Structure formats: C-alpha cells, structure tokens
Amino acid sequence: MKSIFSKKTTALLLAAAMAGSLLSGCGSGSSGGSKSGSAGSSEEASAQAEGGGSKGGETLTVMCVGTEADSYIDYYNAVAEKFSENNEYGVTVKIDFYENEQYKTKLTTLMASNAVPDIFFTWELSYLQPFVEGGKVVDITSYLDEDEEWKNSFADGTLDLVAYDGKNYGVPTQKSLCVMFYNKQIFEDNGVAVPTTYEEFLNVCQTLKDKGITPMAMCGTDAWIPAQFVQQIAGGMAGDKMFKDICDGNEKWNNATHVKAAQEVKDMADKGYFQDGYIGMGPEESKEQFFAGKTAMYFMGAWEAANIELSDIGENAGAFVLPAYDAQYNNISVGSIDTSFAVSETCKNRDAAVAFLKYWTSQESEDMLLYDCGRIPAGNYEIDESKLSSLMTDILTISNSQVGLTPWWDRQFGAGEGVEFNNTCVAVLGGEDAQIAFDALQQFAEDNADR
Amino acid sequence: MNKVLGNKKSIAVFVLPAFIIYAIFVLVPIGYNIYVSFLQTDLMSPSKFVGVKNYINLFKDKTFTGALRNNILMVIGSLIAHLPLALLFGNILFQKIKGSHFFQTVFFLPSVICGVAVGLTWTFVYNSEFGLINKFLEIIGLESLQHVWLADKNLALFCIIVVVMWQFVGYHMVIQIAAMKNIPLSYYEAAEIDGASKWVQFKSITFPLIKPILKVDAVLIITGSLKYYDLVAVMTGGGPNHATELMSTYMFYQGFRTLKYGYSAAIGVILLILCMCSVLLSNFVFRTEQVEF
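What counts as what
Residues numbered from 1 in each chain as written. Chains lettered and ligands numbered in written order. Predicted model: local features only at pLDDT ≥ 70, side-chain atom pairs only at ≥ 80, totals over all residues. Heavy atoms only, no water. Helix = DSSP H or I, 4+ residues; strand = E, 2+ residues; numbered from the N terminus. Buried < 20%, exposed > 50% of the residue type's maximum accessible area, 1.4 Å probe, protein only. Areas by Shrake-Rupley, 256 points an atom, 1.4 Å probe, with all protein chains shown as cover. Contact = heavy atoms within 4.5 Å. Expected span 1.5 Å × (residues − 1). Arc of directions from axis to C-beta. Salt bridge = Lys/Arg side-chain N within 4 Å of Asp/Glu carboxyl O. Domains from an automatic or database assignment. Buried area = accessible area lost by both parts, 1.4 Å probe. Polar contact = N/O pair within 3.5 Å; in protein donor to acceptor, adjacent residues only side chain to side chain. Axes fitted to C-alpha atoms, helices over the stretch in contact; angles between N-to-C directions. Parallel < 35°, antiparallel > 145°, perpendicular 65-115°, else oblique. Left-handed = near helix turned anticlockwise from the far one by under 90°. Nonpolar A, V, L, I, M, F, W, Y, C, P; charged D, E, K, R; others polar. Core = buried A, V, L, I, M, F, W, Y, C linked by side-chain atoms within 4.5 Å.

Let us now look at the overall build of chain A. Scanning chain A from terminus to terminus reveals 19 helices and 12 strands. Scored against the burial criterion, the 451 residues of chain A give a buried share of 55%. Element-wise, carbon and sulfur atoms account for 49% of the exposed surface of chain A, whose accessible area totals about 19,200 Å².

This part takes up the overall build of chain B. Summing up its helical and strand segments, chain B has 13 helices and 2 strands in all. Counting only C-alpha atoms, chain B reaches 75 × 75 × 30 Å along its principal axes. Within chain B, residue pairs in contact and separated by at least 24 positions form 68% of the contacts whose partners lie at least 6 positions apart. When the accessible surface of chain B is summed, it comes to about 16,000 Å², and 72% of that surface belongs to carbon and sulfur atoms.

Glancing now at helix H3 (residues 72-85) of chain A. Residue and element names in this part refer to chain A. With 14 residues, H3 should cover 20 Å at 1.5 Å per step; its first-to-last C-alpha distance of 20 Å lies within 8% of that length. Looking at H3, one finds that the buried residues are Tyr72, Ile73, Tyr76, Val79, Ala80, Phe83 and Ser84. All buried residues of H3 lie within an arc of 130° about the axis, which places them on one face of the element. Of the exposed residues in H3, those oriented more than 90 degrees away from the buried face are Asp74, Glu81 and Glu85. Close packing links the buried residues of H3 with strand E1 (59-65), strand E2 (92-98), strand E6 (170-183), strand E10 (332-343), helix H14 (350-360) and helix H15 (363-373).

Further remarks concern the pattern of salt bridges. In the structure shown here, the tally under the stated rule is 17 salt bridges over all chains. The partner of A:Asp240 in a salt bridge is A:Lys244, with the nearest N and O atoms 3.8 Å apart. On the criterion of helical spacing, the pair formed by A:Asp240 and A:Lys244 is a turn pair, its members being 4 residues apart in helix H10 (residues 224-248). For A:Lys244, a relative accessible area of 48% corresponds to the partly exposed category. The salt bridge partner of A:Lys287 is A:Glu284, with a shortest N-O separation of 3.6 Å. Note that A:Lys287 and A:Glu284 are positioned in helix H12 (residues 283-291) at a spacing of 3 residues, about one turn of the helix. In this structure A:Lys287 comes out as buried when scored by relative accessible area, which is 12%. Each of A:Glu101, A:Lys104 and B:Arg257 takes part in a single network of salt bridges with overlapping partners.

Let us now look at the domain arrangement of chain A. Residues and elements named next belong to chain A. Considered domain by domain, chain A is made up of domain 1 (43-176 + 338-386) and domain 2 (178-335 + 393-448). On a C-alpha basis, the centroid separation for the pair domain 1 and domain 2 is 29 Å. With 16 residues of domain 1 in contact, the opposing surface of domain 2 contributes 16 residues. Together, the buried faces of domain 1 and domain 2 total about 1,400 Å²; carbon and sulfur atoms form 54% of this surface. Here domain 1 is connected to domain 2 by 2 salt bridges. The tally of links between domain 1 and domain 2 comes to 6 residue pairs in polar contact (both at pLDDT 80 or more). Breaking the side of domain 1 that touches domain 2 down by element, the ones donating at least two residues are E6 and H15.

A word on the packing of H3(A) against H15(A). Residues and elements named next belong to chain A. At a minimum axis distance of 11 Å, the contact between H3 and H15 shows a crossing angle of 160°. One finds that H3 runs roughly antiparallel with respect to H15. For H3 against H15, the interelement crossing comes out right-handed. Contacts from Tyr72, Tyr75, Tyr76, Ala78, Val79 and Lys82 in H3 reach Glu364, Ser365, Met368, Leu369, Asp372 and Cys373 in H15.

Attention now goes to helix H16 (residues 390-401) of chain A. In an α-helix, one turn spans 3.6 residues, which is why side chains three or four residues apart end up on the same side. Residue and element names in this part refer to chain A. Compared with an ideal rise of 1.5 Å per residue, which puts 12 residues at 16 Å, H16 spans 17 Å between its outermost C-alpha atoms and is within 8% of the ideal. Within the sequence span of H16, burial applies to Leu391, Met392, Ile395, Leu396, Ile398 and Ser399. In an axial view of H16, the angular spread of the buried residues amounts to 160°, which keeps them on one side of the axis. Turned more than 90 degrees off the buried face of H16, the exposed positions are Thr397 and Asn400.

Another aspect to go through is the interface of chain B and chain A. In this assembly, 31 residues from chain B lie in contact with 32 residues from chain A. Together chain B and chain A conceal approximately 2,500 Å² of surface at their shared face, both sides included; 54% is due to carbon and sulfur atoms. On the chain B side of the interface with chain A, the three residues burying the most area are B:Met44, B:Asn241 and B:Arg257, jointly 25% of the side's total. Its salt-bridge partner being A:Glu432, residue B:Lys153 comes within 3.8 Å of it at the nearest N-O pair. In this structure, the connection of chain B to chain A is made through 6 residue pairs in polar contact (both at pLDDT 80 or more). For the side of chain B that touches chain A, the elements supplying multiple residues, two or more each, are helix H3 (53-60), helix H12 (247-257) and helix H13 (261-285) of chain B. Class assignment of the residues belonging to the side of chain B that touches chain A gives a composition of 14 nonpolar, 9 polar and 8 charged.

Bringing the environment of A:Ser401 into the picture now. For A:Ser401, the location among the structural elements is in helix H16. For A:Ser401 and A:Asn331, which are 70 residues apart along the polypeptide, the C-alpha to C-alpha distance reads 6.9 Å.

This brings us to the side chain of A:Arg411. Residues and elements named next belong to chain A. For Arg411, the position within the fold is in helix H17 (residues 409-412). Side-chain polar atoms of Arg411 contact the side chain of Asp338, separated by 3.2 Å. Setting aside chain neighbours within four positions, we find Arg411 in contact with Trp123, Glu124, Leu125, Ser126, Tyr127, Trp303, Ser336, Ile337 and Asp338.

Below, the discussion takes up the side chain of A:Asn87. In this fold, A:Asn87 is placed in the loop between H3 and E2. Reaching out from A:Asn87, the side chain makes a polar contact with the backbone nitrogen of A:Gly90 at a distance of 2.7 Å.

Bringing the nonpolar core into the picture now. Side chains of nonpolar character tend, in soluble globular proteins, to be buried together. Residue and element names in this part refer to chain A. Counting residues in each nonpolar core, the largest one holds 81 residues, and the members touching the most others are Phe181, Phe201, Met216, Phe229, Met268 and Met297. When residues in this core are grouped by element, the largest group, 11 residues, is from H10. When residues of this core are assigned to domains, at least three map to each of domain 1 (43-176 + 338-386) and domain 2 (178-335 + 393-448). Sequence-distant contacts of Phe229, that is, excluding residues within four places in its chain, are made with Met180, Met216, Met218, Val265, Met268, Phe274, Phe299 and Leu322. Membership of the second largest hydrophobic core comes to 61 residues, among which are Tyr98, Trp123, Tyr127 and Ala342.

This is how it looks when you write it as structure tokens:
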C-alpha cells in the first residue's frame with residue numbers, strides 16, 4: 001500500500017475505469033440509435049434489429065402482458081408464428097411479454113418518448129383514452145369499414161369499449177367476466193348444491209363453514225380482487241343502472257348500495273367465509289388455496305379457467321354466476337372485453353399490423369385460444385361444445401346468459417377513482433367504517449377531477 | 001503541477017466533461033421537472049399551464065399529506081437507528097473486543113443485499129401464516145399478539161421502518177467507525193492517564209472529533225429516508241389503502257399509473273426542497289470547526 005507507485009497506479013486505475021464507463025456508455029447509446037433510428041430503449045432497438053436482420057423481411061413487434069408462469073403465452077406465440085409463416089406482407093411477428101406492473105410502467109414511458117412497438121396490448125376504456133387523445137394510436141375505423149365481415153364478427157358493443165369519439169382504435173380479442181369457481185367434489189361431499197339465490201349462497205357458505213371448510217379463497221393485498229367481488233354484489237343490489245349513473249356523474253361513489261355491498265363482504269369476512277389471514281395474502285397464495293382444494297369457491301375472472309384445469313382440482317372445477325342480492329338483477333356480472341390490441345402511431349407497416357390483428361381474431365386462432373387455452377373469443381363464432389371442458393362449458397353458458405356486463409371500475413376509470421375504489425374496499429375489509437371510507441372516495445373523486 | 005492548476009483554462013478543460021455530464025443528467029432534468037410541475041399534463045396531449053395549482057392540490061390531498069407524514073416517521077426512525085444506535089454499536093466494536101471485525105462484517109452485511117431481496121425476505125418474516133414472527137409468538141404462547149403485519153394499516157409502516165433500521169444500521173456504523181479510527185490513539189492514552197472513564201472519553205474526545213462525519217452521515221440518513229422507495233414498493237406497494245405510501249411511491253403512482261405528470265413532478269420538487277432543507281438542518285445541528293489531527 002505504501003509503495004511509491006501506489007498513487008500512480010490508483011490514478012491510472014481510476015482513469016481507466018472512467019474511460020471504460022464512458023466508452024461503454026457511448027457504445028450502447030450509439031448502437032441503440034443507429035440500428036432502430038428511434039429513441040427507444042436499447043432492448044426494443046436490439047429486438048427489432050435482430051428480427052429484421054435475420055429474415056430480410058420486416059418485423060412487427062408486439063408488446064404484451066404475460067410472464068413465463070402464464071400458460072397462455074405459448075398460445076399467443078403460436079398465433080404470431082402461424083401468421084409469420086404465411087402472410088402477404090412477408091412480415092415476421094414477434095411478441096415481447098412483460099409482467100403486468102412492469103408493462104404499465106414501460107408502456108407509459110415509451111408512449112411519452114414516442115418509442116412504442118408496432119402493436120401493443122391495452123386495456124379498454126380509460127386506459128387507452130389518454131394515448132388516443134395524445135395522438136399515439138392509429139385510428140383503425142377505415143380498416144374495419146373496408147372489411148364488413150370482420151367488423152360484424154365482433155360481438156355487440158365489444159368494439160365500443162375501445163372506441164373514442166366514434167372512432168375505433170383497438171381490437172378486442174377476448175371477452176371476460178367474473179364467475180364463482182367451485183370445487184364440485186367439496187360441494188358433493190358436503191351435500192350442498194349450486195346456489196340459485198343470494199340466500200342460498202350465504203347458506204352454502206355457512207354450511208361449509210360449519211363443517212370446517214373454508215368457503216371462499218380471497219386475496220387482500222391486491223385491492224382489485226376484493227373490489228371486483230364488492231362490485232359484483234353491488235351490481236346484484238342495484239343493477240347496471242347504478243354503474244351507468246356513476247359513469248355519467250349522476251350518482252355518487254358513496255351511494256347506499258356501495259356502502260351496503262362493501263359491508264356485506266366485510267360481514268362475510270367476519271363470519272370466516274374467507275381463509276384465515278386472507279387480508280395479507282397475495283393473489284398467488286390465495287389462488288393456491290382453491291387450487292389445492294382447501295377452499296370450496298373462488299371468485300375470479302374467467303381467464304383463470306385454464307390454470308384451474310391444470311391444477312390439482314382439474315376436472316372437479318365448475319363455475320356459476322353469483323346470484324344477485326336482489327333477484328331482479330340476476331345475471332349482471334363484472335366483465336368486459338380482454339386482451340385488446342392497438343396499433344401504435346409509430347408503426348410503419350400499418351396494413352400488416354391490422355392484418356395480424358385480423359388474423360388473431362379469425363375463427364382459426366380464436367378456436368385454438370378457446371379450446372386449448374380457455375379464452376372466450378370477442379367475436380360471434382360457432383362453438384363446438386364437444387371440444388370444451390366441462391368448466392369451459394359452464395363459463396360459456398354463464399357468458400351467454402348475462403344480460404349486462406359492468407367493466408371493472410379500475411378499467412372504466414383507470415388509476416384514479418377506479419384504483420381508489422379498490423383501495424376503499426380493502427380499507428373496509430381492514431376494519432374502516434364503510435360509510436366513512438366511501439365518503440372519502442367521493443371526496444377523492446371530486447378533488448381528482450381538477451388535478 | 002501548480003502551473004497547470006494556476007491556469008483557469010486548464011481547470012476548465014478538466015472539469016468541463018464531468019460538468020457537462022452532470023448538467024445533462026442532473027441539472028437539466030431538475031429544471032425540466034420544475035417546469036413540468038407547473039403544468040397539467042400527461043406529456044402526450046397539449047398541456048395546460050396551471051401555475052402553483054398542483055402544489056395547492058397536493059396539500060389538500062390526504063394521500064399526499066399521509067405520505068409526507070410517513071416520510072417524516074421514516075426519517076425519525078432512521079435517525080434513531082442510524083445515529084445513536086449505530087454510534088453505540090460502533091463505539092462497542094471500536095473498543096478492542098474479541099471478534100470486532102467479525103461483528104463489523106455481520107452488521108454491515110444487510111446493507112449490501114439489494115433492497116428488493118431484503119423486502120421479499122421480510123415479507124416472509126412478517127407473513128401471517130408461516131412467518132417467523134407469528135410462529136415465534138405462537139411458540140412462546142403469545143398468540144394474542146399475532147397480527148397480519150403488513151396488511152394492518154396501523155402497523156404496516158412501522159414494520160417497514162424496522163426493516164430500514166435493521167438494513168442500514170451497519171452501513172452507518174462502519175462510516176462512524178472509520179471516523180473514529182482517524183482519531184490519534186495518543187488522545188485516548190492521555191485521557192486514560194488522567195483517569196477519564198469510557199463515557200467521558202466518548203463524550204469529550206470521540207464525539208466532538210467525529211462530528212464532521214456525523215454531519216455528512218445525517219445528511220445521508222435524512223435524504224436517504226426521504227427518497228426511500230424499494231422496500232415499500234416490494235413489501236406493500238404503498239397499501240393497504242395508501243397506509244404505507246411514501247412521497248416517492250406516490251410520485252411514481254401519480255406519474256406512471258394515473259398519467260398526471262404535472263402533479264407527480266410537483267411531488268418531486270417538494271422532495272427536492274425537503275432534501276435541501278435537511279442538508280441545511282444537519283449543517284446547523286452539527287456545526288463545527290474544521291479539525292486537523
């Protein structure tokens with residue numbers, strides 16, 4: 001340490017380190033810039049460059065939500081591969097998957113810097129709206145008008161959820177709704193039947209509880225999960241009129257129905273209808289309770305069906321629609337379209353991008369997604385029931401019998417009132433007075449309008 | 001050498017590259033952020049100049065004032081753990097006790113683990129079903145004290161503060177020990193000959209002489225806990241119902257989730273002001289003359 005050259009060596013090392021970091025900084029910067037020509041992240045740029053270079057043809061990049069744990073990503077990739085093999089534009093489609101939260105962050109950042117890949121996954125309603133208003137999304141109305149057959153293949157109203165000012169910006173590929181999954185074996189062993197009224201539903205819960213079985217699996221850490229249950233019960237109390245009134249501003253968030261529905265769920269929690277410690281359990285943990293046959297029911301979006309069929313209960317799973325609190329509002333469920341895609345304004349080959357979405361919503365790929373992956377198509381297609389599992393038959397029956405669907409609040413209002421509604425429901429479950437909690441939500445909604 | 005340093009131009013040549021990088025990555029973004037904080041914008045549609053409305057709205061926003069309060073609690077918790085406690089541990093290990101190097105390493109270890117890993121580990125410790133704490137309470141027969149720690153809005157923040165205290169106590173301890181090692185041993189020898197007790201030695205020799213380092217350390221502690229992000233993001237995500245929201249997590253939420261970038265930038269500016277105030281405050285509290293040994 002005390003040798004003569006210590007100072008010199010240190011200085012040299014430092015200089016080398018500095019030069020190294022500078023060079024590496026320049027290196028990655030220039031390669032990112034020159035390859036793609038856009039200000040995108042280096043990942044995006046290299047992905048595009050790779051695909052483009054290897055085949056000679058153009059590459060369409062799709063950004064989508066998903067992780068390795070999601071069984072559907074193989075099927076999505078299969079759709080992309082099939083399209084890439086044979087299309088008149090000679091393009092190759094490549095889907096990049098990102099984890100849900102990461103996806104939201106990445107998309108907003110890329111949007112603000114004009115570097116979004118050609119096609120991107122989006123939620124409907126208020127999620128896509130700011131991007132549309134900011135002029136970042138391609139108006140695909142003309143493509144739909146040109147191809148009447150394609151336009152008419154979508155079920156009624158599904159396109160409207162991704163349309164703004166009468167123009168279409170998104171293509172929904174799926175429908176989804178909340179159902180009550182149940183374990184047929186547990187129901188049979190305990191002599192309970194699928195409830196048809198709300199009273200019966202509560203009786204089923206109580207009977208199971210008395211026999212020492214936890215009736216429902218619930219997650220408390222991800223606020224949207226208890227919130228969709230509250231929303232479902234509120235829909236059963238007041239129908240979808242209340243939903244529309246809130247959307248139009250004719251009804252307040254702290255209306256009596258919301259307070260009563262939240263209180264109802266809190267009562268269920270107090271009676272022990274959810275597993276112990278649910279309030280601190282994440283989605284995976286709580287899901288596992290149902291998958292492992294520890295709880296009898298699980299209220300979740302129908303997208304979970306494929307995972308349930310792969311789990312321990314497998315064939316024993318069924319689904320029913322939660323009977324409404326007030327029987328006249330039966331069959332109004334929390335549900336919407338799902339896995340919509342939009343074409344980004346930065347996309348150069350728009351025809352090919354739309355053609356890919358058209359292929360995704362074609363009978364061929366939607367059939368594959370339905371029969372192999374349990375995804376309800378957004379279009380009106382003939383369904384071959386013999387190819388469906390019993391769980392998917394249940395779900396499609398429910399889906400077809402719904403008279404009204406109310407989109408999740410956090411999709412209708414996005415991360416403002418929507419997410420705060422979710423948080424409010426968790427607060428009530430955490431012991432806060434329902435009236436006070438929803439008063440606070442109303443106050444938030446009024447304040448938030450002007451931020 | 002002096003010839004080179006005497007020339008203003010040559011100084012500029014050496015300082016300029018670093019300054020340019022600093023300006024591009026620090027000064028310009030700060031300036032842009034302050035500008036954005038006066039707008040109502042999602043950075044895509046045309047933005048609207050709203051003056052200080054974002055700031056007025058912020059202080060009416062219960063979530064923000066809650067986050068501010070949480071940040072202040074975080075600062076207090078960190079100050080307790082990272083100044084008096086770290087000093088105490090540091091002083092014990094500074095004495096020539098057996099295995100002091102080993103314990104230094106042990107105390108320092110948590111601060112080199114990445115925050116996300118620490119957060120995940122502690123979520124398991126706090127887990128209500130199989131977590132270490134609840135199991136321990138069960139074994140010693142104190143089931144009544146069991147809680148769903150991270151989902152309880154009154155407890156969650158304190159659970160996180162405890163983790164922060166644990167994680168960085170070693171880091172600040174090492175800084176303080178390093179400062180203590182700079183003090184010439186002859187001072188202590190002289191004090192011992194005069195019959196000064198360990199406490200008097202600490203009070204009259206160690207503490208005054210490490211004050212300049214404590215000042216820097218205090219700045220690190222306060223700014224560190226003001227801009228704290230990773231543990232909260234991993235352990236609770238600001239929940240339940242914003243009970244553990246910090247300014248930084250709320251800034252992220254308003255920016256990247258609700259696309260209210262102007263509002264979010266205003267939180268950033270307030271964070272910047274608070275950090276600068278903390279520097280002034282610690283300069284004032286630990287004001288001292290320059291010492292040379």
